[in-house]
Amino acid sequence: MLNSVVLLNISSCDSPLVSALPQSAFTSSSELSNSHGPGFAKLNRRDGAGGWSPLNSNKYQWLEIKLEQRTEITAIATQGRYGSSDWLTRYLLMFSDTGHNWRPYRQEDSIGAFSGNSNADSVVMYKLQQPVIAQYIRILPLHWNPNGRIGLRLEAYGCQYKSDVVSFDGSAHLLFRPDPSDSLADRDVLSMNFKTLLNSGMLVHMEEHSGHSFTLELFRGKLLLQLRKGRGSSADFHPLVSLGSLLDDQHWHHIRVERIRGLVNFTVDKNTQQFQLPESWSHSEINEISFGGTSAAGLQKSHSRRNFHGCLENVLYNDISVIERAEEQQLSITVSGNVSFTCTESIDVPVTFASPGSFLALPWVSGGESASVCLQFRTWNRAGLLMTFDLQHNAGTLWLYLSEARARLQIHKTGRIMTDITAGSAHALWDIYHSLSLFDSKSRIHLSCVLYINYIYRCPDTEGGSGCRNPFSVFQGCMRLIRTDGALVDLIRVQQMLFGNFSDLQMDMCGIVDRCSPSRCEHGGRCSQSWSTFHCNCSATGYSGATCHSSIYEASCEAYKHKGNTSGFYYIDMDGSGPIKPQLIYCNMSDKAWMVIQHNNTELTKLKASSGINQHLAHFNYSADAEQIQAIITQAEYCEQELSYHCKKSRLLNTPDGAPFSWWVGRSGEAHMYWGGAVPGSQQCACGLQENCVHPEHFCNCDADSKEWLNDSGLLSHKEHLPVRALAVGDINRSGSEAAYRVGPLQCYGDNNFWNAAYFNKETSYLHFPTFHGELSADISFLFKTSSSSGVFLENLGIKDFIRIELSSPTQVLFSFDVGNGPLEVKVETASALNDERWHHVRAERNVKEASLYVDHHPSAVQKAPADGHIHLQLNSQLFVGGTASRQKGFLGCIRSLKLNGKTLDLEERAEITPGVTPGCPGHCSSYGDLCQNHGSCVEDHSGFTCDCSLSPFTGTFCHKDVSAFFKPGTSVTYTFKEPYKLNRNVSAQSSSIYSDLTLRGENVSLSFRTSQAPALLLYVSSYYREFLAILLNRNGHLDVKYKLQHNRDAEVFRASGRNLANGQLHRVSVQRLGETLNLIETQTQLFLIAESGEVDPEIARLNALGFTGCLSVVQFNSISPLKAALLYPDTSPVIVTGPLSESSCGSSLPTNPYAAETTHSLADHVGTVGTGEPIVNAINSDSALIGGVIAVVIFVSLAALAVMARFLYRRKETFQPQEPKAEKTDDSPETPFNTDPNSQSIISDNQKEYFI
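Residues numbered from 1 in each chain as written. Predicted model: local features only at pLDDT ≥ 70, side-chain atom pairs only at ≥ 80, totals over all residues. Heavy atoms only, no water.

Focus: the overall build of the protein chain
Move 1: The secondary structure content of the protein chain amounts to twelve helices and 85 strands.
Move 2: Per-residue burial over the protein chain gives 53% buried out of 1253 residues.
Move 3: The contacts of the protein chain with a sequence gap of at least 6 include a subset with a gap of at least 24, amounting to 70%.
Move 4: For the protein chain, the computed accessible surface area is about 55800 Å², with 49% contributed by carbon and sulfur atoms. (Helix = DSSP H or I, 4+ residues; strand = E, 2+ residues; numbered from the N terminus. Buried < 20%, exposed > 50% of the residue type's maximum accessible area, 1.4 Å probe, protein only. Contact = heavy atoms within 4.5 Å. Areas by Shrake-Rupley, 256 points an atom, 1.4 Å probe, with all protein chains shown as cover.)

This is the structure:
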């Protein structure tokens, strides 16, 4: 029974390792007394004074244990000294194979320190996340009971470790020829451990029967896995992947290469990368494997061009121990060169300058013909002080430091630089140890001074040091092999305080850490680092944040639309911070926000009969990849794709009973036998479904096999089948057969995620979802609206960790969390209240570097993460949305589009089955109504809103698109106003006054024009009584308003502009009147653009006869848009159009119909900028009517308070003063505002200041 227990303990690897060791296995930096010696530091023992205590309690003390052999260590446990007030509260755990070159154990790749005890007798145990293989254990106290001193008892747990090792001297190697019968089917696994002090050398070279080879090479401290195609000198290496860093640290590192068919998993220590081999390399068998290097010819094309110098351990190929076979001298192993089956190590004692306060002071006495100091160093920093010392006889102070990654020597004396020398090249300082030597042999130098390495806080204690200062950055990094005059400095004696002086050094270890391996930068962000932190360069990635986690793009065209964007190209990131890459997609912003995904052939493609060809197969490559398209279709409310077939003696589906001649292939690769406009599985076309085919006995027009051209066209809209990946067309090999097909772009609208919302109407209600997993990176975004002053949006709890976002007050959003370092809070304060029943956007992000919070467009708040703190967020409860687990502080209101790490939670689905929560949330116009421009009105929709442009002269998604037409002589538009009471033709004009008076507060007339003609009539309004108002350009191109508002008065002229407006640029005219209640008489009133028949003012008649050549746009009289009515609604509006009239882009600065142009140009032809808020403009070549292709400057001319007679005859007389125009900008200004010059010619004369209304 006892044996079985022992076996169980061994297999579980948790046996005690320390308690049975002799006292000689324990050493320490010092001991308080013999009874406080290190040999008494055994867990639960009361021998001696009950544990170990050093002579002095400071951070330079340590306790070391030597195990019987290299052992697998899985756990550590500590106690204080028995019956005392002495215990550790925090300590470092170090491991070594030799008792030198110590390696610190790190939790979570960042935490170096362990929390200790809170009293003398309780045991605190830690199971190591990654077991450690070592023979030596060292404990470094960091903090202890402030009311006592350092006191320690401990135990380590683990099990035996089997080790087969082989060492190479840089010229030897082992050649292994595996037996084909030992190979696994379609699978090869190679694993080993290695250690070395050199940063380059070939570890493994594998040859295949096909002549291909794999090479595993250490180069500048990284491992490269490469492929080589072919044999001989002409073979080329193809690097596949690079992994690891700082691997030349004389510590064991683990390698595993696993090939499963063509898939390779490459692992170095805890980091794994996966990649796919080329097809030709996927099934070859390994012929031979060379360990430790290869022949001289095989090294010529490697990066390092040298064999490996170091040790390999436990080399296994498909579970075969290569080292065991080599020791047994089996025939499958050939040994070349000096190979040893032990691992001997040179003992170098490195020292780490880990903090700004680290320094080392060494006494140095030199005499003779030469003096020298040498050392090796490595660091992440490009600047830092290496050493300094005073020269004798007041010759100055020598400073040797790093500047821009180059070594620089200066001698300073009395504030002057006497010597300045720079050496070395500016390159990485971390990948290898760099040697630095300072040598003087030209003159007899006698030095008796203190050599300060990285000394910064005080000047050397010499007579000449009273005025010194350190103008340089501190050095943070590792040094080794420090020599003065050729003699190696014994750093162990320094550590024992027997020689020199130091502060805050980590002796006998190099603590350099590669914070970019593995890189915490996401989405292709480029990682760089200093000694203490790392940085991510997110440029050109499409992502932002400290770790390039959050996408800068919207997830759909719908989202862009609700930011006020119009049609154009936008980058769409379907899953935000998820793995799907952003894609450039055209957004067609009409009443719906259509996403248009083009492919390589959207044009009509004609086919003719060809002998020997029975079928035409077309494949379609889309501008988005398969993963992106699937995400677009899944997220969209509706998708469609046009599928057309034109035929002449070419059958399509061979209905009703034949096998189809043609079919199309959908998203998942399945063939479909139904056509556009029909339902899936029907083997019909649209006409068959609608029962209106040319020949009723067939379900497709083309199946009639007619000699006349017919077609079957329609839309495919079954989302699960889209898009069309390929099209097979048959029945084109007969004489006289002709056909043509067209597969349109994939088009989708709607965003199910963007409008997914829930309304919380009870404070105790909430929605629950599975645990949120955002261990290293977490981003949460949503929209909310509420009238409540506070409430929790969401919460997720762990044992100690948590994450929570809440509205803590009407003007504050709070993001709080704990990852093991204590609670942290990030707050955003807003100037205005957030409980205003409008949608507000919240985005919170937490990563290993910082936490940030964004609310609408308010300044963000950022909280930096603690240095070397816990980084993993560990949650285990359900995620609560709209409330908390305690049902307190619940949220009242709406939450919409809730995304966690790019994945949208389906709030509506959960709300359907949850009391106190209802799906959906109306009321979008309060937030998005401002997007409707130019007097457009917002209309609520279930999923969003639309803009009603019926009262605006503009059209488009947001009433932003102008309606323009280019006029030529002979073209006119007449608009007749509809009266509420129809007048009898036989009734006298005077009798019209019997109708009721109506009241108007003001009138507005506005239009834009572009012309080079002067004089010219732009707009003419007349009444039944021949009162009129005309807007015209006089012969000088100045803008005049001529009006006659009473039939018994002469016409008057208002000179609106003193500059020439007939300059081919776009100008905007606005005529307005605001006044008191008016008495109105109903009359038959007409508004004319350019022409009117009948008796008119002579000058107007003369201008009318000349006609008008130019552009008019956005013409409006009050709520009437006559030009818009004539162009867009001619059949339903009271308009009469004379001459040719068609819509034009002449009044716009943008090219028309960008999507139509886009279908004939590739993306490579597009120019312009792409952003998150603005589409690519002028992205397509266009034959627009813009004059000279130049964007026109819009000039606003104000004719404020001018009376207008249009629909009604106004009998009220009023007097007003016109507004004085403001000063002009220069002509090259993007806008020309009002003129404010008091001497401007546009100021009217005294006799023009009285108007009759």
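Thoughts on the sheet that holds strand 59 (residues 824-829)
Move 1: Spatial ordering of the open sheet is given by 54-63-56-57-58-59, a layout of six strands whose pairing is antiparallel. Because the sheet does not close on itself, it has two edges, and the strands there are strand 54 (767-769) and strand 59. Strand after strand, the sheet turns through a mean of 15 degrees between neighbouring axes, direction not considered.
Move 2: As defined by bridge partners, strand 56 (residues 791-797) adjoins strand 57 (residues 802-809) across six bridges and the pair is classed as antiparallel. Looking across to strand 57, one finds that Val792 is bridged to Glu806. (Pairing = 2+ DSSP bridges. Axes fitted to C-alpha atoms, helices over the stretch in contact; angles between N-to-C directions.)

Focus on the sheet that holds strand 47 (residues 663-665)
Move 1: Taken in spatial order, the four strands of this open sheet run 45-50-47-48, and their pairing is antiparallel. Two strands in the sheet have a free side with no partner beyond their single neighbour: strand 45 (616-619) and strand 48 (671-672).
Move 2: Summarising the sheet, strand 47 and strand 48 pair through two bridges and their orientation is antiparallel. Bridge pairing links Trp664 to His672 in strand 48.

A closer look at the UniProt feature "domain: EGF-like" (unreviewed entry) in the protein chain
Move 1: UniProt marks residues 512-549 and 922-960 with the feature "domain: EGF-like" (unreviewed entry), using the numbering shown here.
Move 2: Helix makes up 0% of residues 512-549 and strand 26%, and the two end C-alpha atoms of the span are 26 Å apart.
Move 3: Regarding residues 922-960, the helix share stands at 10% and the strand share at 26%, and the terminal C-alpha atoms are separated by 25 Å. (UniProt positions renumbered as here; feature names shortened; annotations may be inferred.)

A word on the pattern of salt bridges
Move 1: Using the criterion set out here, one finds 29 salt bridges in the structure.
Move 2: In this structure, Asp47 engages Arg45 in a salt bridge whose closest nitrogen and oxygen atoms are separated by 3.0 Å.
Move 3: On the basis of relative accessible area, Asp47 is assigned to the partly exposed category, the value being 34%.
Move 4: Glu345 serves as the salt-bridge partner of Lys195, at 2.5 Å between the closest nitrogen and oxygen. Placement of the pair is Lys195 in strand 11 (residues 187-195) and Glu345 in the loop between strand 23 (339-340) and strand 24 (351-353), with a sequence separation of 150 residues.
Move 5: Its relative accessible area of 2% is what places Lys195 among the buried residues.
Move 6: With a relative accessible area of 24%, Glu345 lands in the partly exposed category.
Move 7: Ionic contacts of the salt-bridge type, sharing partners, join the residues Arg70, Asp97, Lys195, Glu313 and Glu345 into one network. (Salt bridge = Lys/Arg side-chain N within 4 Å of Asp/Glu carboxyl O.)

A few points about the nonpolar core
Move 1: The biggest cluster of nonpolar side chains holds 48 residues, and the ones touching the most others in it are Ile572, Tyr645, Trp675 and Leu746.
Move 2: Look past the residues within four positions of Ile572 in its chain and what remains in contact with it is Glu554, Ala555, Ser556, Cys557, Tyr560, Lys581, Pro582, Gln583, Ile585, Cys587 and Met595.
Move 3: If you look at the next biggest cluster of nonpolar residues, it comprises 40 residues, including Leu190, Leu218, Leu225 and Val257. (Core = buried A, V, L, I, M, F, W, Y, C linked by side-chain atoms within 4.5 Å.)

Some details on the side chain of Glu845
Move 1: By the element assignment, Glu845 lies in strand 60 (residues 840-846).
Move 2: Residue Glu845 is classed as buried on the basis of its relative accessible area, which comes to 3%.
Move 3: A polar atom in the side chain of Glu845 sits 3.1 Å from the side chain of Asn847.
Move 4: In this view, Glu845 contacts Thr547, His549, Ser550, Ala778, Asp779, Phe815, Glu850, Ala851 and Ser852; residues no more than four positions away in its chain are not counted. (Polar contact = N/O pair within 3.5 Å; in protein donor to acceptor, adjacent residues only side chain to side chain.)

Remarks on the side chain of His205
Move 1: Tracing the chain through its elements places His205 in strand 12 (residues 201-208).
Move 2: Only 2.9 Å separates the side chain of His205 from the side chain of Glu207, close enough to count as a polar contact.
Move 3: Excluding residues within four positions of it along the chain, His205 makes contact with Ser213, Phe214, Thr215, Arg228, Glu288, Ile289, Ser290 and Thr294.

A few points about the packing of aromatic side chains
Move 1: One pass over the full model with this rule turns up 30 aromatic pairs.
Move 2: Ring centres of Phe784 and Phe891 lie 6.3 Å apart, and the angle between their planes is 85 degrees; this geometry places the pair in the edge-to-face category. With Phe784 in strand 55 (residues 778-785) and Phe891 in the loop between strand 63 (879-881) and strand 64 (893-900), this residue pair connects regions lying 107 residues apart in the sequence.
Move 3: Overall, Phe784 belongs to the buried group, its relative accessible area being 0%.
Move 4: A network of ring pairs unites the aromatic residues Tyr91, Phe95, Tyr105, Phe114 and Tyr126 as a single cluster.
Move 5: Over the ring of Trp62 we find Arg138; its NZ or CZ atom is 3.9 Å from the centre of that ring.
Move 6: Sitting over the face of the ring of Phe754, Arg896 holds its NZ or CZ atom 4.8 Å from the ring centroid. (Phe/Tyr/Trp six-rings, centres within 6.5 Å; stacked < 30°, edge-to-face > 60°. Lys NZ or Arg CZ within 6 Å of the ring centre and 35° of its normal.)

Digging into unusual backbone geometry
Move 1: Omega for the peptide link from Leu722 to Pro723 comes to 5 degrees, which places this bond in the cis form.
Move 2: Along the chain, Pro723 turns up in the loop between strand 49 (710-716) and strand 50 (726-729).
Move 3: The amide bond that connects Ala1014 to the next residue, Pro1015, takes the cis arrangement and shows omega of 0 degrees.
Move 4: For Pro1015, the position within the fold is in the loop between strand 71 (1002-1011) and strand 72 (1016-1022).
Move 5: Of note, the phi angle at Thr414 is positive, near 50 degrees, even though the residue is not glycine.
Move 6: Turning to its location among the elements, Thr414 is positioned in the loop between strand 29 (406-413) and strand 30 (416-423).
Move 7: The backbone of Asp856 shows a phi angle near 50 degrees, a positive value even though the residue is not glycine.
Move 8: Counting through the fold element by element, Asp856 comes out in the loop between strand 61 (850-855) and strand 62 (861-864).
Move 9: Residue Asp856 is classed as partly exposed on the basis of its relative accessible area of 27%.

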